[in-house]
Amino acid sequence: MPVDDRDKNAAPPLPEPLRVPVADSHTHLDMQSGTVEEALAKAASVGVTTVVQVGCDLKGSRWAAETAAAYDAVHATVALHPNEAPRIVHGDPGGTSRPSGAGGGWSRQGAREPGGDAALDEALAEIDRLAALPQVKGVGETGLDHFRTGEEGKEAQERSFRAHIEIAKRHGKTLVIHDRDAHADVLRVLKEEGAPERTVFHCYSGDAEMAEICARAGYYMSFAGNVTFKNAQNLRDALAVAPLELVLVETDAPFLTPVPYRGRPNAPYLVPVTVRAMAAVRGIDEDALAGALGANTARAFGY
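- Labelled according to an unreviewed UniProt entry, the chain appears under the name TatD family hydrolase, originating from Streptomyces labedae.

In C-alpha coordinates form, the structure reads like this:
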(Lines give C-alpha, C1' and ligand atoms only; values in the text may rest on other atoms or scores of the structure.)
Protein backbone atom coordinates (compact mmCIF):
# COMPACT_ATOMS: atom_id res chain seq x y z
CA MET A 1 0.00 0.00 0.00
CA PRO A 2 1.47 3.41 -0.92
CA VAL A 3 2.48 5.66 1.94
CA ASP A 4 0.49 8.92 2.11
CA ASP A 5 2.88 11.86 1.62
CA ARG A 6 1.30 13.52 4.64
CA ASP A 7 2.57 10.66 6.78
CA LYS A 8 6.12 10.52 5.42
CA ASN A 9 7.63 11.80 8.70
CA ALA A 10 5.34 9.76 10.92
CA ALA A 11 6.48 6.62 12.71
CA PRO A 12 5.44 3.49 10.79
CA PRO A 13 2.81 1.26 12.42
CA LEU A 14 3.70 -1.73 14.57
CA PRO A 15 4.27 -4.84 12.41
CA GLU A 16 2.79 -8.19 13.24
CA PRO A 17 4.82 -9.62 16.15
CA LEU A 18 7.39 -12.33 15.54
CA ARG A 19 6.60 -15.62 17.25
CA VAL A 20 10.30 -16.24 17.94
CA PRO A 21 12.24 -13.35 19.54
CA VAL A 22 15.16 -11.69 17.77
CA ALA A 23 17.74 -8.99 18.49
CA ASP A 24 18.41 -5.73 16.68
CA SER A 25 22.16 -6.15 16.27
CA HIS A 26 22.87 -2.48 15.49
CA THR A 27 20.84 0.56 16.47
CA HIS A 28 21.32 4.18 17.53
CA LEU A 29 18.74 4.88 20.24
CA ASP A 30 20.40 8.22 20.96
CA MET A 31 19.47 9.44 17.46
CA GLN A 32 15.82 8.37 17.73
CA SER A 33 12.82 10.25 19.09
CA GLY A 34 11.19 9.22 22.34
CA THR A 35 12.72 7.59 25.41
CA VAL A 36 14.78 4.45 25.70
CA GLU A 37 11.96 2.88 27.70
CA GLU A 38 9.46 3.58 24.92
CA ALA A 39 11.77 2.20 22.25
CA LEU A 40 12.44 -0.99 24.17
CA ALA A 41 8.76 -1.51 25.02
CA LYS A 42 7.66 -1.10 21.39
CA ALA A 43 10.40 -3.44 20.23
CA ALA A 44 9.58 -6.09 22.83
CA SER A 45 5.88 -5.94 21.90
CA VAL A 46 6.72 -7.31 18.43
CA GLY A 47 9.37 -9.83 19.52
CA VAL A 48 12.54 -7.71 19.37
CA THR A 49 13.75 -8.36 22.90
CA THR A 50 17.40 -7.25 22.72
CA VAL A 51 19.21 -4.35 21.08
CA VAL A 52 22.87 -3.54 20.54
CA GLN A 53 23.39 0.20 21.03
CA VAL A 54 26.32 1.38 18.92
CA GLY A 55 28.66 4.27 19.67
CA CYS A 56 30.06 6.52 16.92
CA ASP A 57 32.08 9.06 18.89
CA LEU A 58 33.18 9.65 22.48
CA LYS A 59 29.90 11.16 23.66
CA GLY A 60 27.82 8.48 21.97
CA SER A 61 30.07 5.69 23.23
CA ARG A 62 29.80 6.92 26.82
CA TRP A 63 26.03 7.10 26.41
CA ALA A 64 25.93 3.57 24.98
CA ALA A 65 27.87 2.20 27.94
CA GLU A 66 25.68 4.03 30.46
CA THR A 67 22.48 2.89 28.77
CA ALA A 68 23.58 -0.74 28.57
CA ALA A 69 24.42 -0.62 32.28
CA ALA A 70 20.91 0.62 33.04
CA TYR A 71 18.85 -1.77 30.87
CA ASP A 72 19.17 -5.54 30.69
CA ALA A 73 17.82 -5.55 27.12
CA VAL A 74 20.61 -3.27 25.87
CA HIS A 75 24.21 -4.20 25.06
CA ALA A 76 26.76 -1.58 24.02
CA THR A 77 29.54 -1.15 21.52
CA VAL A 78 31.98 1.78 21.59
CA ALA A 79 34.10 3.37 18.87
CA LEU A 80 35.08 6.32 16.76
CA HIS A 81 33.17 6.04 13.48
CA PRO A 82 35.49 6.03 10.41
CA ASN A 83 34.35 9.57 9.58
CA GLU A 84 35.07 10.71 13.13
CA ALA A 85 38.81 9.92 12.93
CA PRO A 86 39.74 12.45 10.19
CA ARG A 87 37.42 14.97 11.83
CA ILE A 88 39.46 14.74 15.04
CA VAL A 89 42.80 14.89 13.23
CA HIS A 90 42.03 17.51 10.59
CA GLY A 91 39.10 19.45 12.02
CA ASP A 92 36.98 18.56 8.97
CA PRO A 93 36.07 22.00 7.60
CA GLY A 94 34.23 20.27 4.77
CA GLY A 95 31.45 19.03 7.00
CA THR A 96 31.18 15.35 6.09
CA SER A 97 29.04 14.38 9.04
CA ARG A 98 26.29 11.81 9.09
CA PRO A 99 22.83 13.23 9.90
CA SER A 100 21.59 12.99 13.44
CA GLY A 101 18.05 12.29 14.55
CA ALA A 102 15.72 13.82 17.07
CA GLY A 103 17.50 12.12 19.93
CA GLY A 104 20.70 14.09 19.44
CA GLY A 105 23.16 11.50 18.24
CA TRP A 106 26.30 12.02 16.26
CA SER A 107 26.57 15.09 14.07
CA ARG A 108 29.10 17.78 13.36
CA GLN A 109 28.33 21.00 15.27
CA GLY A 110 30.41 23.27 13.06
CA ALA A 111 33.99 22.66 12.00
CA ARG A 112 36.35 21.58 14.76
CA GLU A 113 39.84 22.85 15.37
CA PRO A 114 42.36 20.32 14.06
CA GLY A 115 43.61 18.13 16.87
CA GLY A 116 46.31 16.17 15.09
CA ASP A 117 47.45 12.64 15.86
CA ALA A 118 47.68 13.37 19.59
CA ALA A 119 43.96 14.15 19.75
CA LEU A 120 43.15 10.89 17.96
CA ASP A 121 45.36 8.96 20.37
CA GLU A 122 43.58 10.60 23.31
CA ALA A 123 40.17 9.69 21.91
CA LEU A 124 41.27 6.11 21.24
CA ALA A 125 42.48 5.83 24.83
CA GLU A 126 38.97 6.70 26.02
CA ILE A 127 37.47 4.06 23.71
CA ASP A 128 39.97 1.58 25.16
CA ARG A 129 38.81 2.44 28.70
CA LEU A 130 35.13 2.05 27.78
CA ALA A 131 35.80 -1.24 25.94
CA ALA A 132 36.89 -2.82 29.21
CA LEU A 133 33.43 -2.39 30.79
CA PRO A 134 31.40 -5.61 31.10
CA GLN A 135 28.25 -4.19 29.50
CA VAL A 136 30.27 -3.20 26.43
CA LYS A 137 30.18 -6.23 24.16
CA GLY A 138 31.83 -4.80 21.08
CA VAL A 139 34.23 -2.29 19.58
CA GLY A 140 32.59 -0.48 16.70
CA GLU A 141 31.37 0.86 14.49
CA THR A 142 34.83 1.22 13.09
CA GLY A 143 36.28 0.50 9.67
CA LEU A 144 36.61 2.55 6.50
CA ASP A 145 34.27 4.91 4.67
CA HIS A 146 35.54 6.08 1.29
CA PHE A 147 32.15 7.55 0.34
CA ARG A 148 32.52 10.76 2.35
CA THR A 149 36.24 10.88 3.06
CA GLY A 150 38.77 12.07 0.50
CA GLU A 151 42.41 11.06 0.21
CA GLU A 152 43.43 13.42 3.01
CA GLY A 153 41.26 11.53 5.49
CA LYS A 154 42.06 7.93 4.55
CA GLU A 155 45.27 7.73 6.57
CA ALA A 156 43.51 8.78 9.78
CA GLN A 157 40.68 6.33 9.11
CA GLU A 158 43.02 3.42 8.60
CA ARG A 159 45.10 4.26 11.67
CA SER A 160 41.95 4.45 13.75
CA PHE A 161 40.63 1.18 12.30
CA ARG A 162 43.84 -0.67 13.14
CA ALA A 163 43.76 0.71 16.68
CA HIS A 164 40.16 -0.45 17.16
CA ILE A 165 41.07 -3.96 15.97
CA GLU A 166 43.84 -4.08 18.57
CA ILE A 167 41.49 -2.83 21.31
CA ALA A 168 38.85 -5.43 20.43
CA LYS A 169 41.35 -8.27 20.48
CA ARG A 170 42.96 -7.18 23.75
CA HIS A 171 39.62 -6.97 25.55
CA GLY A 172 38.12 -10.03 23.87
CA LYS A 173 35.28 -7.97 22.40
CA THR A 174 33.43 -8.23 19.08
CA LEU A 175 34.59 -5.98 16.23
CA VAL A 176 31.75 -4.14 14.47
CA ILE A 177 32.71 -2.91 11.02
CA HIS A 178 31.39 0.01 9.00
CA ASP A 179 32.39 -0.59 5.38
CA ARG A 180 31.25 1.92 2.79
CA ASP A 181 32.80 1.87 -0.67
CA ALA A 182 35.90 0.29 0.89
CA HIS A 183 35.46 -3.49 0.64
CA ALA A 184 38.96 -4.38 -0.57
CA ASP A 185 40.72 -2.11 1.92
CA VAL A 186 38.63 -3.31 4.86
CA LEU A 187 39.38 -6.95 4.03
CA ARG A 188 43.06 -6.09 3.54
CA VAL A 189 43.41 -4.40 6.94
CA LEU A 190 41.59 -7.26 8.68
CA LYS A 191 43.98 -9.73 7.08
CA GLU A 192 47.06 -7.65 7.92
CA GLU A 193 46.07 -7.07 11.55
CA GLY A 194 44.38 -10.39 12.18
CA ALA A 195 40.65 -10.11 12.89
CA PRO A 196 39.23 -10.64 16.38
CA GLU A 197 37.56 -13.95 17.12
CA ARG A 198 34.14 -12.35 16.48
CA THR A 199 33.81 -9.82 13.65
CA VAL A 200 30.55 -8.35 12.34
CA PHE A 201 30.07 -6.53 9.05
CA HIS A 202 27.32 -4.11 10.05
CA CYS A 203 24.83 -3.14 7.33
CA TYR A 204 26.51 -5.61 5.01
CA SER A 205 26.99 -3.88 1.66
CA GLY A 206 29.03 -6.32 -0.42
CA ASP A 207 27.96 -8.77 -3.09
CA ALA A 208 27.68 -12.55 -3.13
CA GLU A 209 31.37 -13.00 -3.95
CA MET A 210 32.39 -10.92 -0.92
CA ALA A 211 29.88 -12.85 1.22
CA GLU A 212 31.75 -16.04 0.36
CA ILE A 213 35.06 -14.40 1.39
CA CYS A 214 33.49 -13.31 4.70
CA ALA A 215 32.05 -16.78 5.22
CA ARG A 216 35.43 -18.44 4.79
CA ALA A 217 36.88 -16.06 7.38
CA GLY A 218 33.97 -16.65 9.78
CA TYR A 219 32.79 -13.03 9.71
CA TYR A 220 29.18 -12.32 10.61
CA MET A 221 27.09 -10.41 8.06
CA SER A 222 24.33 -8.19 9.42
CA PHE A 223 21.56 -7.17 7.04
CA ALA A 224 19.55 -3.97 7.44
CA GLY A 225 16.38 -2.55 5.92
CA ASN A 226 18.14 -1.74 2.67
CA VAL A 227 18.00 -5.44 1.79
CA THR A 228 14.35 -4.65 0.94
CA PHE A 229 15.19 -1.81 -1.47
CA LYS A 230 14.36 -2.36 -5.13
CA ASN A 231 17.93 -1.54 -6.27
CA ALA A 232 19.62 -3.82 -3.72
CA GLN A 233 19.70 -7.13 -5.59
CA ASN A 234 23.40 -7.46 -4.69
CA LEU A 235 22.43 -7.62 -1.01
CA ARG A 236 19.75 -10.23 -1.62
CA ASP A 237 22.24 -12.28 -3.64
CA ALA A 238 24.70 -12.05 -0.76
CA LEU A 239 22.05 -13.02 1.78
CA ALA A 240 21.12 -16.03 -0.34
CA VAL A 241 24.65 -17.47 -0.18
CA ALA A 242 25.71 -16.41 3.34
CA PRO A 243 25.83 -19.34 5.81
CA LEU A 244 22.75 -19.11 8.01
CA GLU A 245 24.85 -19.32 11.18
CA LEU A 246 26.68 -16.11 10.19
CA VAL A 247 23.62 -13.97 9.40
CA LEU A 248 22.32 -11.18 11.68
CA VAL A 249 19.59 -8.57 11.33
CA GLU A 250 19.70 -4.90 12.29
CA THR A 251 17.93 -1.59 11.82
CA ASP A 252 20.79 0.95 11.92
CA ALA A 253 17.89 3.09 13.13
CA PRO A 254 16.93 5.82 12.60
CA PHE A 255 18.37 5.15 9.13
CA LEU A 256 17.59 2.57 6.41
CA THR A 257 13.91 2.03 7.14
CA PRO A 258 12.67 -1.02 5.21
CA VAL A 259 10.14 -0.94 2.38
CA PRO A 260 7.25 0.01 2.43
CA TYR A 261 8.25 2.65 4.98
CA ARG A 262 11.48 3.81 3.34
CA GLY A 263 12.17 7.47 4.16
CA ARG A 264 10.27 7.38 7.45
CA PRO A 265 11.95 7.10 10.87
CA ASN A 266 13.39 3.66 11.63
CA ALA A 267 13.41 2.01 15.06
CA PRO A 268 14.06 -1.44 16.54
CA TYR A 269 10.37 -2.38 16.44
CA LEU A 270 10.58 -2.53 12.64
CA VAL A 271 13.01 -5.48 12.65
CA PRO A 272 10.16 -7.94 11.87
CA VAL A 273 9.62 -6.24 8.49
CA THR A 274 13.22 -6.96 7.51
CA VAL A 275 13.17 -10.47 9.01
CA ARG A 276 10.18 -11.40 6.84
CA ALA A 277 11.87 -10.04 3.72
CA MET A 278 15.03 -11.99 4.59
CA ALA A 279 13.02 -15.20 5.11
CA ALA A 280 11.54 -14.77 1.64
CA VAL A 281 15.01 -14.35 0.10
CA ARG A 282 16.29 -17.45 1.91
CA GLY A 283 13.15 -19.44 1.17
CA ILE A 284 12.85 -20.53 4.78
CA ASP A 285 10.22 -20.34 7.49
CA GLU A 286 10.03 -17.04 9.37
CA ASP A 287 10.24 -18.78 12.75
CA ALA A 288 13.31 -20.79 11.71
CA LEU A 289 15.08 -17.65 10.54
CA ALA A 290 14.14 -15.72 13.68
CA GLY A 291 15.47 -18.53 15.86
CA ALA A 292 18.77 -18.53 13.98
CA LEU A 293 19.07 -14.72 14.11
CA GLY A 294 18.47 -14.65 17.86
CA ALA A 295 21.04 -17.35 18.56
CA ASN A 296 23.56 -15.86 16.12
CA THR A 297 23.41 -12.39 17.68
CA ALA A 298 23.91 -13.75 21.19
CA ARG A 299 26.88 -15.77 19.96
CA ALA A 300 28.31 -12.88 17.90
CA PHE A 301 28.28 -10.49 20.87
CA GLY A 302 28.93 -12.99 23.65
CA TYR A 303 25.86 -12.34 25.80
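Having seen it, we continue.
Focus: unusual backbone geometry
- Omega for the bond connecting G140 with E141 falls within 30 degrees of zero, at 15 degrees, which places this linkage in the cis form.
- In this fold, E141 is placed in strand β4 (residues 136–145).
- Of the consecutive residues V259 and P260, the connecting peptide bond is found in the cis state with omega at 15 degrees.
- Examined against the element boundaries, P260 turns out to sit in the loop between β8 (247–249) and α9 (271–282).
- For C203, which is not a glycine, the phi torsion comes out positive at approximately 45 degrees.
- Structurally, C203 is set in the loop between β6 (199–201) and α7 (208–217).

Re the environment of P254
- As for its position among the elements, P254 is in the loop between β8 and α9.
- Setting aside residues no more than four positions away along its own chain, P254 makes contact with H28, M31, Q32, P265 and N266.

Looking at the sheet that holds strand β1 (residues 22–27)
- With respect to topology, eight strands assemble into an open sheet ordered β1-β2-β3-β4-β5-β6-β7-β8, the strand pairing being parallel. Both edges of this open sheet fall to β1 and β8, since each of them pairs with a single strand only. Put simply, the sheet's adjacent strands are angled 30 degrees from each other on average, direction ignored.
- In terms of strand pairing, strand β3 (residues 74–78) meets β4 through three bridges, oriented parallel. Paired with T77 across the strands is G138, a residue of β4.
- Strand contacts of helix α5 (residues 151–171): β4 and β5 (174–180), with the helix running at about 160 degrees to β4, the strand carrying the most contacts.
- Relative to the sheet, α7 contacts β5, β6 and β7 (220–223), its axis offset from that of β7 by approximately 135 degrees.

A look at helix α8 (residues 233–241)
- Listing the buried residues of α8 in full gives L235, R236, A238 and L239. Viewed along the axis of α8, the buried residues span an arc of 160 degrees, placing them on a single side of the element.
- Contacts made by the buried residues of α8 are with α7, β7, β8 and α9.

Remarks on α5
- With 21 residues, α5 extends 31 Å from end C-alpha to end C-alpha; this agrees with the ideal 30 Å at 1.5 Å per step.
- Taken residue by residue, α5 has G153, A156, Q157, E158, S160, F161, H164, I165, I167 and A168 as its buried positions.
- For α5, the elements touching its buried residues are α3 (84–90), α4 (116–131), β4, β5 and α6 (183–193).
- Positive backbone phi, approximately 65 degrees, marks G172, located one or two places after α5.

About the criteria used
Residues numbered from 1 in each chain as written. Predicted model: local features only at pLDDT ≥ 70, side-chain atom pairs only at ≥ 80, totals over all residues. Heavy atoms only, no water. Helix = DSSP H or I, 4+ residues; strand = E, 2+ residues; numbered from the N terminus. Contact = heavy atoms within 4.5 Å. Pairing = 2+ DSSP bridges. Axes fitted to C-alpha atoms, helices over the stretch in contact; angles between N-to-C directions. Buried < 20%, exposed > 50% of the residue type's maximum accessible area, 1.4 Å probe, protein only. Arc of directions from axis to C-beta. Expected span 1.5 Å × (residues − 1).

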